[in-house]
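A look at the structure
Take a look at the letters that make up each chain.
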Amino acid sequence: NYKVNIFGNAENNWRNYFRHIADNVQYSDYIKLDKNSVVINCGVDWGSELCLFKDAKKVYNIDPSGSKRLSEFTKEFIKKIKTEQIYINKFLYSSYDFPESKNSEYSSTTLPEVISEYKINKIDLIKSDVEGAERYMSEDLIKICEKFRPQLAISIYHTNYEKDKFKLTDLVDIPLKIIKNL
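Structure report, in brief. Given the structure is predicted, the values throughout are model-derived calculations rather than measurements.

1. Considerations on the overall build of the protein chain
- Tallying secondary structure elements over the protein chain gives six helices and seven strands in all.
- When the helices and strands of the protein chain are listed from N to C terminus, the series reads α-α-β-β-α-β-β-β-α-β-α-β-α.
- Counting every position in the protein chain, which comprises 182 residues, the buried fraction comes to 41%.
- Element-wise, carbon and sulfur atoms account for 53% of the exposed surface of the protein chain, whose accessible area totals about 11500 Å².

Pasting the structure below:
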């Protein structure tokens with residue numbers, strides 16, 4: 001793909017794009033949820049992923065904006081499904097890298113704190129897209145996975161802001177740490 005995009009002509013680029021548009025693998029192709037499933041959804045924003053969790057019993061949505069930024073489509077969609085939506089208006093692990101969290105009206109939390117506070121005793125899926133804070137979540141994920149054995153859909157593509165460190169280490173570090181310890 002890289003070679004075609006950089007060195008290919010326009011026709012080849014479009015052909016490549018349309019050939020791959022329908023068969024691009026996403027985490028949604030693999031998750032399995034049913035009417036008893038419990039999801040922890042870390043990072044919500046517009047909430048387009050909430051449509052993927054329509055068969056679940058309950059979704060704990062952790063995001064400082066809660067349901068405020070949900071798209072109109074998502075708001076209407078979740079009104080029509082039975083899945084219970086719980087919004088936790090907090091940052092996850094964000095005090096590490098994100099200075100905006102220090103000046104925020106919201107506090108930060110961790111996955112173990114959420115699990116304890118909400119007395120969550122079953123987790124079938126943890127989806128996380130929290131702008132790079134996944135690197136601080138990985139230790140907790142190992143302990144949570146040992147206990148609950150959830151499916152994971154963890155974003156690992158965010159920039160690592162640590163000085164003098166290769167920017168894409170999360171692509172390797174997070175999966176390696178989880179695989180090595182589980």
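Having put the structure on the table, let's press on.
2. Side note on the sheet that holds strand β3 (residues 84–88)
- A sheet is described by the order of its strands in space; here five strands give the open sequence β3-β2-β1-β6-β7, paired in parallel fashion. The open sheet is flanked by β3 and β7 (151–154), the only strands paired with a single partner. Strand-to-strand twist in this sheet, taken as the mean axis angle between neighbours without regard to direction, amounts to 15°.

3. Focus: the environment of Asn 89
- Along the chain, Asn 89 turns up in the loop between β3 and β4 (91–92).
- According to the relative accessible area criterion, Asn 89 is partly exposed, its value standing at 32%.
- Separated by 21 residues in sequence, Asn 89 and Lys 68 have C-alpha atoms that sit 10.0 Å apart.
- If sequence neighbours within four positions are ignored, Asn 89 has contacts with Asp 63, Pro 64, Ser 65, Gly 66 and Tyr 106.

4. Focus: the side chain of Asp 63
- Position of Asp 63 relative to the elements: it lies in the loop between β2 (58–62) and α3 (72–79).
- Of the side chains bearing the opposite charge, Arg 69 lies closest to the buried Asp 63, which forms no salt bridge; the N-O distance is 6.8 Å.
- A distance of 2.7 Å separates a polar side-chain atom of Asp 63 from the backbone nitrogen of Val 44.
- Setting aside chain neighbours within four positions, we find Asp 63 in contact with Gly 43, Val 44, Asp 45, Ile 88, Asn 89 and Lys 90.

5. Digging into a nonpolar patch on the surface
- A surface patch of nonpolar side chains, amounting to about 400 Å² of accessible area, comprises Tyr 157, Leu 171, Val 172 and Leu 176.
- Within the fold, Val 172 resides in helix α6 (residues 170–181).

6. A closer look at the packing of helix α5 (residues 134–148) against α6
- Packing of α5 against α6 leaves a shortest axis separation of 10 Å and a crossing angle of 20°. As the angle between them shows, α5 and α6 are arranged roughly parallel. By crossing handedness, the relation of α5 to α6 is classed as right-handed. On the side of α5, the interface is formed by Glu 134, Arg 135, Ser 138, Glu 139, Leu 141, Ile 142 and Glu 146, while α6 contributes Asp 170, Ile 174, Lys 177, Ile 178 and Asn 181.
- A class-by-class count of the residues in the contact of α5 with α6 yields four nonpolar, two polar and six charged.

Parameters and conventions
Residues numbered from 1 in each chain as written. Predicted model: local features only at pLDDT ≥ 70, side-chain atom pairs only at ≥ 80, totals over all residues. Heavy atoms only, no water. Helix = DSSP H or I, 4+ residues; strand = E, 2+ residues; numbered from the N terminus. Buried < 20%, exposed > 50% of the residue type's maximum accessible area, 1.4 Å probe, protein only. Areas by Shrake-Rupley, 256 points an atom, 1.4 Å probe, with all protein chains shown as cover. Pairing = 2+ DSSP bridges. Axes fitted to C-alpha atoms, helices over the stretch in contact; angles between N-to-C directions. Contact = heavy atoms within 4.5 Å. Lys, Arg positive; Asp, Glu negative; His and termini not counted. Salt bridge = Lys/Arg side-chain N within 4 Å of Asp/Glu carboxyl O. Polar contact = N/O pair within 3.5 Å; in protein donor to acceptor, adjacent residues only side chain to side chain. Patch = residues over 30% accessible without salt bridge, like charges linked within 9 Å, V, L, I, M, F, W, Y side chains within 5 Å. Parallel < 35°, antiparallel > 145°, perpendicular 65-115°, else oblique. Left-handed = near helix turned anticlockwise from the far one by under 90°. Nonpolar A, V, L, I, M, F, W, Y, C, P; charged D, E, K, R; others polar.

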